[in-house]
Amino acid sequence: MTKIIDIQDKKAGTKLSKYLQGQFSEHLGTGIYGGIWVGKDSEIENVRGIRKDVVDALKEIKVPVLRWPGGWFSDIYHWKDGIGENRRPLFNTSWGGSLESNEFGTNEYFDLCEQIGAESYLNVNMSSGTIHEMTDWLEYITAPVGPMAELRAKNGHEKPWKLRFVGVGNEEWGEDGQMTPEFYSDLYRLWQCFVRQYDADQKPLFKVGCGPNIDDFNWTNVVMEKASQFMDGLSLHHYGLTDLWDKKGYATGFEPKEWDSLLYSIRKMDYFIHEHGLRMAHWDPDHRVKLIVDEWGDWLHNDPGTNPAHLRQQNTIRDAVMAATTLNIFAKHADLVGMANIAQTVNVLQSMILTDGKHMILTPTYYVFDMYKYHQDADLIEAYSDNGDPINYTISEKDGNYIVSVCNTDKEQSNNVTIKFAGKVNKPSYSKVLHADEIDACNTFDDPEHVKLAEYQDYQIKDNSLEAALKDKSIVTMIIPK
Ligand code: AHR
């Protein structure tokens with residue numbers, strides 16, 4: 001088929017916030033220990049204990065914001081055990097119960113953010129922590145002077161760090177809270193009073209309330225009614241599954257029908273954003289409160305031979321197509337979705353990077369973020385995703401260029417796209433494609449470049465239109481000067 005995209009009369013509208021390309025890193029499996037933190041004495045090249053290869057790769061995709069320390073883990077995390085000389089190891093009872101050294105704590109997280117150039121997004125422990133513990137943490141991070149600033153200086157960091165985003169609780173409706181939306185709303189109203197910035201020169205903190213479990217529209221309705229006046233964002237988590245929760249398929253070696261079922265599942269993001277957005281608009285018609293999709297991605301069966309609690313999964317061209325489709329869905333709802341954080345950056349779920357000892361590989365999903373970074377803070381012209389259509393896309397405008405990303409979700413058929421622009425366009429200054437022949441093509445430590453970006457040349461430009469041929473299961477990004 002040929003899809004005609006006519007944007008001749010379309011004007012640039014909403015900004016495509018860079019925060020839509022955020023990441024999430026939790027203390028889970030080897031997500032932090034091994035994947036990011038190797039320690040200062042490691043043989044693996046590191047800067048103050050943080051892997052250099054991982055930092056270099058993350059800098060390249062311009063990670064705008066990094067959520068930490070969980071997830072479920074945030075519900076058992078007591079930050080004071082993870083600072084200074086004498087750290088108290090902790091049992092990670094959220095994820096398999098292993099004993100963790102706590103060597104990666106607040107100072108190391110902010111160092112990581114600074115090394116990769118990302119802003120910070122802290123999720124505070126509302127389930128087993130206290131307001132006092134949280135206020136000490138916020139003071140430790142942001143106060144220029146005072147007792148917590150002195151403690152921070154004693155631990156090697158004189159100046160306050162910059163903090164903007166704070167999540168108040170995580171999945172409080174689930175295992176770590178069992179709260180009703182009414183109870184959570186009341187608790188949120190109390191806790192948020194003390195979510196304070198201690199540095200008068202910095203902007204007030206952006207407060208994110210705990211949002212619904214997938215399609216729990218009642219949660220959204222109640223929390224918006226009772227507490228939205230005190231929040232800047234409401235979170236939403238949705239993971240793509242190939243089947244029911246307890247029948248998750250594997251990341252590789254799957255049946256062709258599992259491509260379709262995963263695509264069906266991730267496309268529900270469009271529906272969930274729309275439906276939660278309706279409930280939010282009822283209480284907040286101008287969308288002052290943003291939807292913060294701070295956990296999303298494909299959740300597949302853990303790789304054979306790995307610890308099921310560590311959520312380690314391979315990453316294939318299928319995941320790349322799902323990531324591009326999801327980013328296009330976020331772009332479509334850019335007036336409502338203020339941030340999104342894929343789960344998770346390294347070694348966990350739909351990761352950008354996999355490590356094995358000193359070795360590191362980039363996943364197909366990484367390359368999607370590498371292409372989509374050009375949309376960061378661009379002006380949206382049109383984004384499209386529809387369940388019945390194999391093609392979805394984002395077209396934006398920045399610095400006199402069109403940025404065009406198109407995804408062909410069809411696992412077998414190639415498709416064509418014609419885009420009619422408002423005026424004459426020029427030869428692309430950037431033109432890349434991600435494609436693979438097999439449905440589960442992936443990078444391995446033996447074959448680390450099996451799936452990677454290639455120059456894309458299968459197009460023609462004639463005056464004001466672009467005609468592009470898209471291979472099956474492919475994603476293309478082009479920067480086209482006007
Ligand atoms: O990302 C893995 C887990 O998924 C998070 O810890 C939790 O918030 C969610 O259920």
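Cut-offs applied
Residues numbered from 1 in each chain as written. Predicted model: local features only at pLDDT ≥ 70, side-chain atom pairs only at ≥ 80, totals over all residues. Helix = DSSP H or I, 4+ residues; strand = E, 2+ residues; numbered from the N terminus. Rg over C-alpha atoms; globule rule 2.2 N^0.38 Å. Buried ≥ 20, exposed ≤ 12 C-beta atoms within 10 Å, placed from the backbone. Contact = placed C-beta atoms within 7 Å. Expected span 1.5 Å × (residues − 1). Arc of directions from axis to C-beta. Core = buried A, V, L, I, M, F, W, Y, C linked by C-beta atoms within 7 Å. Domains from an automatic or database assignment. Nonpolar A, V, L, I, M, F, W, Y, C, P; charged D, E, K, R; others polar. Near = placed C-beta within 6 Å. Pairing = 2+ DSSP bridges. UniProt positions renumbered as here; feature names shortened; annotations may be inferred. Axes fitted to C-alpha atoms, helices over the stretch in contact; angles between N-to-C directions. Left-handed = near helix turned anticlockwise from the far one by under 90°.

Participant: When you look at the overall build of the chain in this model, what are you seeing that I'm missing?
Facilitator: Check the secondary structure of the chain and you find 9 helices and 25 strands. Taking 482 residues into account, the globule formula puts the C-alpha radius of gyration at 23 Å, and the chain, at 22 Å, falls close to it. Counting every position in the chain, which comprises 482 residues, the buried fraction comes to 53%. Considering only contacts in the chain between residues 6 or more positions apart, those separated by 24 or more positions represent 74%.

Participant: Explain helix 5 (residues 181-192) here, please?
Facilitator: Helical geometry note: an α-helix holds 3.6 residues per turn, so side chains three or four residues apart project in the same direction. The terminal C-alpha atoms of helix 5, which comprises 12 residues, lie 16 Å apart, in line with the 16 Å expected from a rise of 1.5 Å per residue. Restricting attention to buried positions, one finds in helix 5 the residues Pro181, Tyr184, Ser185, Tyr188 and Trp191. Axial view of helix 5: buried residues confined to an arc of 130°, hence all on one face. On its buried face, helix 5 sits against helix 3 (131-142), strand 10 (165-168), strand 11 (206-209) and helix 6 (217-227).

Participant: What is the right way to read the nonpolar core from this model?
Facilitator: Soluble, globular proteins show a tendency: their nonpolar side chains are buried together. Core analysis: the biggest nonpolar cluster contains 147 residues, and Val168, Ala320, Ile353, Val368, Val406 and Ile475 have the highest contact counts within it. Top element by residues in this core is helix 8 (residues 317-332). It accounts for 10 residues. Counting contributing residues, this core receives three or more from each of domain 1 (16-376) and domain 2 (391-481). Apart from the residues lying within four places of it in its own chain, the contact partners of Ile475 are Ala320, Val321, Ala324, Val368, Met371, Ser405, Cys407, Val433 and Leu434.

Participant: Explain the domain arrangement of the chain to me, please; I cannot follow it from the model alone.
Facilitator: How big an interface is tends to be stated in terms of the accessible area lost upon association of its parts. Examined at the domain level, the chain breaks down into domain 1 (16-376) and domain 2 (391-481). Look at where the C-alpha atoms of domain 1 and domain 2 centre, and you get two points 29 Å apart. Put simply, the parts of the chain that give the side of domain 1 that touches domain 2 at least two residues each are helix 7 (256-283), helix 8, strand 16 (359-362) and helix 9 (364-372). Top element by residues in the side of domain 1 that touches domain 2 is helix 8. It accounts for 9 residues. Class assignment of the residues belonging to the side of domain 1 that touches domain 2 gives a composition of 19 nonpolar, 10 polar and 3 charged.

Participant: Got a minute to help me understand the site of the ligand in this structure?
Facilitator: Around the ligand, the surrounding shell consists of Glu26, Gly70, Gly71, Trp72, Asn170, Glu171, His237, Glu295, Ala343, Gln344 and Leu349. Of the residues contributing to the shell around the ligand, the split by class is 3 nonpolar, 5 polar and 3 charged.

Participant: Help me out: how do you make sense of the pairing of strand 20 (residues 415-420) in this one?
Facilitator: The two faces of a sheet get side chains in turn, since along a regular strand they alternate between them. The two faces of strand 20 differ: Asn415, Val417 and Ile419 on one face are buried, but Asn416, Thr418 and Lys420 on the other face are not. Looking at chain direction, strand 1 (residues 2-6) and strand 20 are connected through 5 bridges and run parallel. Bridge pairing links Ile4 to Thr418 in strand 20. Judged from the 6 bridges that link them, strand 20 and strand 24 (residues 465-470) form a sheet pairing that is antiparallel. If you follow Val417 over to strand 24, its bridge partner there is Ala468.

Participant: Even after reading the chapter, I still don't get helix 2 (residues 106-116), so can you show me in this structure?
Facilitator: Those residues of helix 2 lying buried are Thr106, Tyr109, Phe110, Leu112, Cys113 and Ile116. Each buried residue of helix 2 sits inside an arc of 150° when the element is viewed along its axis, so together they form one side. On its buried face, helix 2 sits against strand 5 (50-51), helix 1 (52-60), strand 6 (65-68), strand 9 (119-124) and helix 3.

Participant: For this particular structure, what's the right way to read the UniProt feature "domain: Alpha-L-arabinofuranosidase C-terminal" (unreviewed entry) in the chain?
Facilitator: In the numbering adopted here, UniProt assigns the feature "domain: Alpha-L-arabinofuranosidase C-terminal" (unreviewed entry) to residues 294-474. The span residues 294-474 shows a helical share of 14% and a strand share of 38%, and its end C-alpha atoms are spaced 26 Å apart.

Participant: Looking at this model, I keep getting lost on the sheet that holds strand 13 (residues 290-298). Mind explaining?
Facilitator: Strand pairs in the sheet, formed through backbone hydrogen bonds, run parallel or antiparallel to each other. Ordered in space as 3-6-9-10-11-12-13-14, the 8 strands form a closed barrel in which the pairing is parallel. The average undirected angle you get between the axes of adjacent strands in this sheet is 30°. Across 4 bridges, strand 13 lies against strand 14 (residues 337-343) in parallel orientation. For Leu291, the partnering residue across the bridge sits in strand 14 and is Val337. Contacts between helix 7 and the sheet are confined to strand 12 (233-240), strand 13 and strand 14, with strand 12 contributing the most and set at about 160° to the helix.

Participant: Just checking my understanding: could you explain the sheet that holds strand 20 for this structure?
Facilitator: Here we have 4 strands laid out as an open sheet, ordered 1-20-24-23, and mixed in their pairing. With one partner strand each, in any of the chains shown, strand 1 and strand 23 (459-462) form the two edges of the open sheet. In this sheet, neighbouring strand axes are inclined to one another by 15° on average, regardless of whether the strands run parallel or antiparallel.

Participant: Please clarify how the environment of Tyr372 should be interpreted in this entry.
Facilitator: Note on placement: Tyr372 falls in helix 9. The exposure class assigned to Tyr372 is buried, which follows from the 25 C-beta atoms found within 10 Å. Tyr372 sits 104 residues away from Val476 along the chain, and the two C-alpha atoms are 9.6 Å apart. Contacts of Tyr372, omitting those with residues within four sequence positions, involve Gln21, Leu327, Ser405 and Thr477.

Participant: What am I meant to see in the packing of helix 5 against helix 6 here?
Facilitator: Helix-helix packing is characterised by the crossing angle of the two axes and by the distance between the axes. Where helix 5 contacts helix 6, the axes come no closer than 9 Å and their chain directions differ by 35°. The two elements helix 5 and helix 6 cross, and the hand of that crossing is right-handed. Contacts between helix 5 and helix 6 involve Pro181, Glu182, Tyr184, Ser185, Tyr188 and Arg189 from the former and Asn218, Trp219, Val222, Val223, Lys226 and Ala227 from the latter. Its residues placed into classes, the contact of helix 5 with helix 6 shows 7 nonpolar, 2 polar and 3 charged.

Participant: How should I be thinking about the pairing of strand 17 (residues 378-384) in this particular structure?
Facilitator: In the sheet, strand 2 (residues 15-16) pairs with strand 17 via 2 bridges, with the strands oriented antiparallel. Note on strand 17: the bridge partner recorded for Lys15 is Asp379. Note that strand 17 and strand 18 (residues 391-398) share 5 bridges and pair antiparallel. Each bridged residue has a counterpart across the sheet, and for Leu380 the counterpart in strand 18 is Ser396. Hairpin geometry of strand 17 and strand 18 is characterised by an intervening segment of 6 residues between the two adjacent antiparallel strands.

Participant: Is there a simple way to think about unusual backbone geometry in this case?
Facilitator: The omega angle of the peptide bond from Trp68 to Pro69 is 5°, so this bond is cis rather than trans. Here Pro69 lies in the loop between strand 6 and strand 7 (90-91). For the peptide bond that leads from Ala343 to Gln344, omega is -5°, which places it in the cis range. Secondary-structure assignment places Gln344 in the loop between strand 14 and strand 15 (353-356).

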